[in-house]
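Fold and contact review
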Amino acid sequence: MKQILEFEKPIMNLKEKIAELKKFTGESEIDLTDEIATLEKRLAELEDNIYGNLKPWQRVQMARHQDRPTTLDYISELFTDFLEFHGDRTFGDDEAIVTGIAYYKEVPITVIGHQRGKNTKENIRRNFGMPHPEGYRKALRHMKQAEKFNRPIICFIDTKGADPGKESEERGQSEAIARNLMEMAGLKVPIICIVIGEGGSGGALALGVGDRIFMLENSTYSVISPEGAAALLWKDAGLAQKAAESMKITAPDLFELGIIDEIVPEPKGGAHRDIEQQAKNMDAVIEKALKELADLTTEELLENRWEKYKQIGDFKE
């Protein structure tokens, strides 16, 4: 059963009425063409009004939608000959992160991304897209491999955060994240990062140091979830909607703050409504970014990356 968000219910109710009228028209001799046309016009206006004016909490809900396309969905749409690699050569394989090599328009690239599930069984297998330390070490191993063979790196970000469990901490979760941040800052190949769903905390940042940072229109990127912020600020996770309004975690907010480089538009109703169109939208920004970065020398690439992150934020003495 498809997930219907609360704010989408008026749209779904109107679609059901239109479907009923079309069915009735087909089963009888009564012509309801004008009535159906009127309702379809009202539906288009309603969709424009709702999806064109989403509030921060509604975007959070869209980013978490159970049918939202995942890293593997985009890999199959954007790349060819994908070969997945496994393991960190230290502890084991973490299925919350997918990594491998592929071709993008006949150019060899390394692709890395968080991978969540779309049902309970798959979410358990993927640990709900929350990587363990070995996931980040697997990602770093293949980033270093990409640098060795001069392959651009494309990272898909989609996680609530890194796994917070005791065993992950014992295996060096914070060290693994910190090392990725440090190593990515100095990699001598182009890095493109795209937030495709939730970009949560250090779990997202560990794949988020790049030359270009893009966000899908209805994705989020934040140091903490709205629920976590509400629990800390007001001792009530139920005030998550209030927190989302003030945290500046949506793509329009982060673009305005200069943290991301571009917003990738989504089909009306979200990326899950039309993954082929969404992939085309992403393809356009990836192709443009790779062409721009390919023209830079290694020294220019690293200097621009340093300047990019140095300029983020504002402070007063």
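Residues numbered from 1 in each chain as written. Predicted model: local features only at pLDDT ≥ 70, side-chain atom pairs only at ≥ 80, totals over all residues. Heavy atoms only, no water.

In the annotation of an unreviewed UniProt entry, the protein is listed under the name Acetyl-coenzyme A carboxylase carboxyl transferase subunit alpha and assigned to Ornithinibacillus bavariensis. The annotation that UniProt attaches to the protein under Function (unreviewed entry) is "Component of the acetyl coenzyme A carboxylase (ACC) complex. First, biotin carboxylase catalyzes the carboxylation of biotin on its carrier protein (BCCP) and then the CO(2) group is transferred by the carboxyltransferase to acetyl-CoA to form malonyl-CoA." The record held by UniProt for the protein lists under Subcellular location (unreviewed entry) the comment "Cytoplasm". (UniProt positions renumbered as here; feature names shortened; annotations may be inferred.)

Turning our eyes to something else, we now look at unusual backbone geometry. Trans is the common state for peptide bonds, and a negative phi is the common state for residues other than glycine. Even without being a glycine, N127 presents a positive backbone phi close to 55°. Its location among the elements puts N127 in the loop between α5 (120-125) and α6 (133-148). Its identity as a non-glycine residue notwithstanding, S201 has a phi of 55°, on the positive side. With respect to the helices, strands and loops of the structure, S201 is situated in helix α9 (residues 201-205). (Helix = DSSP H or I, 4+ residues; strand = E, 2+ residues; numbered from the N terminus.)

Our next topic: the environment of S76. Looking at where S76 falls in the secondary structure, it is placed in helix α4 (residues 71-78). Separated by 203 residues in sequence, S76 and A279 place their C-alpha atoms 9.7 Å apart.

As a further point, take the packing of aromatic side chains. According to the stated counting rule, one finds three aromatic pairs in the structure shown. Ring centres of F79 and Y104 lie 5.9 Å apart, and the angle between their planes is 75°; on these two criteria the pair is classed as edge-to-face. Of this pair, F79 sits in the loop between α4 and β1 (80-85) while Y104 sits in strand β2 (residues 97-104); the two residues are 25 residues apart in sequence, bridging distant segments of the chain. By relative accessible area, which is 5% here, F79 ends up buried. On the accessibility criterion, Y104 (3% relative accessible area) is buried. What links up through ring pairs into an aromatic cluster is the set Y74, F79, Y104 and F156. Over the ring of F91 we find R171, and its NZ or CZ is 4.2 Å from the ring centre. Between K242 and the ring centre of W234, over which it is positioned, the NZ or CZ distance is 4.4 Å. (Phe/Tyr/Trp six-rings, centres within 6.5 Å; stacked < 30°, edge-to-face > 60°. Buried < 20%, exposed > 50% of the residue type's maximum accessible area, 1.4 Å probe, protein only. Lys NZ or Arg CZ within 6 Å of the ring centre and 35° of its normal.)

Now for the pairing of strand β5 (residues 191-200). Among the ten residues in β5, ten count as buried, and that is most of the element. Here strand β4 (residues 153-159) pairs with β5 via six bridges, running parallel. Paired with T159 across the bridge in β5 is G199. Judged from the three bridges that link them, β5 and strand β7 (residues 220-222) form a sheet pairing that is parallel. Opposite E198, over in β7, you have T220 as the bridge partner. (Pairing = 2+ DSSP bridges.)

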